[in-house]
Amino acid sequence: MELKDAVAVVTGANRGLGRHLAAQLVERGAKVYAAARRPETVDLPGVIPLRLDVTDAESIWAAARTASDATLLVNNAGISTGTPLITGSPDMVRLEMEVNFFGPLAVTRAFAPVIESNGGGSVLNVLSVLSWLHPADLGAYAAAKAAAWALTGATREELAPRRITITALHVGYMDTDMAASVPADQKTDPAEVAARALSGIERGLPEILADETTRQVKRSLAASPNAA
């Protein structure tokens, strides 16, 4: 997909990876709707702030009506509560699923007809290495991202006849607020991740592995499991 003159909607664009994606899209010549629950927190030059709460159906459909010229959707908004599945709060587990799985699904359902009506385009789903690696203390997040990986594959097949391609971005720890407690040498620069993601969209890649940790984990999926 050519990003110059594309019209992008980036969820969670007020900080972290979303902010970098929105800024670099502008640099590449795209028109950008920078979506956030509180659009007044969007301070990037050259973007159009857009109210969008991925857990609020009314705000999603209103955003789709406003950004009626969209050709690229970036499902970036997410949350990590550090909730284990067995001993953690059921409400927090449900919240992670609402934001990280049902949110991207709802936004994609709203914007798919918009993108199709504009001649087709792309959707980028920001996933995680924890789509495949499932540590107990991040069980809710890993489960939600694994579900979002399944969502990505299923919608890729469903939307292909409508000239909409789906790209998955898998990444480990980034130097953002979500990973503030992680040592710096274990984190990737989100600006680099954004650049790799956008280049992958331009190349039409179905999957982007943003760092070496993610590549190692993906390779391990092909290893023969120990069997009794």
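From a predicted model like this one, the values you see are computed outputs, not experimental measurements. (Residues numbered from 1 in each chain as written. Predicted model: local features only at pLDDT ≥ 70, side-chain atom pairs only at ≥ 80, totals over all residues. Heavy atoms only, no water.)

Just checking my understanding: could you explain the overall build of the chain for this structure?
When helices and strands are tallied, the chain shows 6 helices and 7 strands. Along the chain direction, N to C, the helices and strands of the chain fall in the order β-α-β-β-α-β-α-β-α-β-α-β-α. A compact globule built from 228 residues should have a C-alpha radius of gyration of about 17 Å, and the chain, at 17 Å, falls within 12% of that. By the burial criterion, 47% of the 228 residues in the chain qualify as buried. As displayed, the chain has an accessible area near 11,000 Å², and 53% of this comes from carbon and sulfur atoms. Positive and negative side-chain charges in the chain, numbering 21 and 25 respectively, have mean positions lying 3 Å apart. (Helix = DSSP H or I, 4+ residues; strand = E, 2+ residues; numbered from the N terminus. Rg over C-alpha atoms; globule rule 2.2 N^0.38 Å. Buried < 20%, exposed > 50% of the residue type's maximum accessible area, 1.4 Å probe, protein only. Areas by Shrake-Rupley, 256 points an atom, 1.4 Å probe, with all protein chains shown as cover. Lys, Arg positive; Asp, Glu negative; His and termini not counted. Charge placed at Lys NZ, Arg CZ, Asp CG, Glu CD.)

Looking at this structure, I do not really get the packing of aromatic side chains. What am I missing?
Geometry of an aromatic ring pair is reported as the spacing of the ring centres plus the angle between the planes. Summed over the entire model, instances satisfying the criterion amount to 2 aromatic pairs. With a centroid separation of 4.9 Å and an interplanar angle of 75°, the aromatic rings of phenylalanine 101 and phenylalanine 102 are classed as edge-to-face. A relative accessible area of 18% places phenylalanine 101 in the buried class. On the basis of relative accessible area, phenylalanine 102 is assigned to the partly exposed category, the value being 41%. Between the aromatic rings of tryptophan 132 and tryptophan 149, the centroid separation amounts to 5.6 Å while the plane-to-plane angle is 80°, which identifies the pairing as edge-to-face. (Phe/Tyr/Trp six-rings, centres within 6.5 Å; stacked < 30°, edge-to-face > 60°.)

What am I meant to see in the sheet that holds strand β4 (residues 72-75) here?
Either a parallel or an antiparallel arrangement is found when strands of a sheet pair, and the pairing is made through backbone hydrogen bonds. Within the open sheet, the 7 strands sit side by side as β3-β2-β1-β4-β5-β6-β7. Their pairing is parallel. Edge positions in the sheet fall to β3 (48-51) and β7 (207-209), since each of these pairs with one other strand and no more. Ignoring which end each strand starts from, the neighbouring axes of this sheet average 20° apart. Across 3 bridges, the pairing between strand β6 (residues 164-170) and β7 is parallel. Residue pairing for β7: leucine 169 is matched across the bridge by isoleucine 208. The strands that helix α5 (residues 190-203) touches are β4, β5 (121-126), β6 and β7; relative to β7, the one it contacts most, it runs at about 155°. (Pairing = 2+ DSSP bridges. Axes fitted to C-alpha atoms, helices over the stretch in contact; angles between N-to-C directions. Contact = heavy atoms within 4.5 Å.)

Whenever I open this one, the packing of helix α1 (residues 16-27) against α5 confuses me. Can you help?
The axes of two packed helices give the description: the angle between them and the distance between them. Between α1 and α5, the shortest axis-to-axis distance is 9 Å and the interhelical angle comes to 55°. Considering the angle they form, α1 stands oblique to α5. Every pair of crossing elements has a handedness; the one defined by α1 and α5 is right-handed. Here Leu17, His20, Leu21, Gln24 and Leu25 of α1 lie close against α5, whose contacting residues are Pro190, Ala191, Val193, Ala194, Ala195, Ala197 and Leu198. Taken together, the residues of the contact of α1 with α5 break down into 10 nonpolar, 2 polar and no charged. (Parallel < 35°, antiparallel > 145°, perpendicular 65-115°, else oblique. Left-handed = near helix turned anticlockwise from the far one by under 90°. Nonpolar A, V, L, I, M, F, W, Y, C, P; charged D, E, K, R; others polar.)

What should I look at first to understand the nonpolar core in this one?
Counting residues in each nonpolar core, the largest one holds 29 residues, and the members touching the most others are Val10, Leu21, Leu25 and Leu169. Listed by contribution, the elements that provide at least two residues to this core are β1 (7-10), α1, β2 (31-36), β4, β5 and α5. Apart from residues lying up to four places away in sequence, valine 10 is in contact with Gly18, Leu21, Ala22, Leu25, Val32, Tyr33, Ala34, Ala35 and Val74. Membership of the second largest hydrophobic core comes to 25 residues, among which are Val54, Ala77, Val99 and Ala110. (Core = buried A, V, L, I, M, F, W, Y, C linked by side-chain atoms within 4.5 Å.)

I tried to follow the pattern of salt bridges on my own but got confused; where do I start?
Pairs can form between side chains of opposite charge once their charged atoms are near each other. The tally for this structure, following the rule as stated, stands at 12 salt bridges. Between aspartate 56 and arginine 51 there is a salt bridge whose closest N-O contact spans 3.6 Å. Here arginine 162 and glutamate 116 are joined by a salt bridge, their closest N and O atoms 3.0 Å apart. On the criterion of sequence distance, the pair formed by arginine 162 in the loop between α4 (139-159) and β6 and glutamate 116 in helix α3 (residues 90-117) is long-range, its members being 46 residues apart. Through salt bridges with shared partners, a single network forms among Glu212, Arg215 and Arg219. (Salt bridge = Lys/Arg side-chain N within 4 Å of Asp/Glu carboxyl O.)

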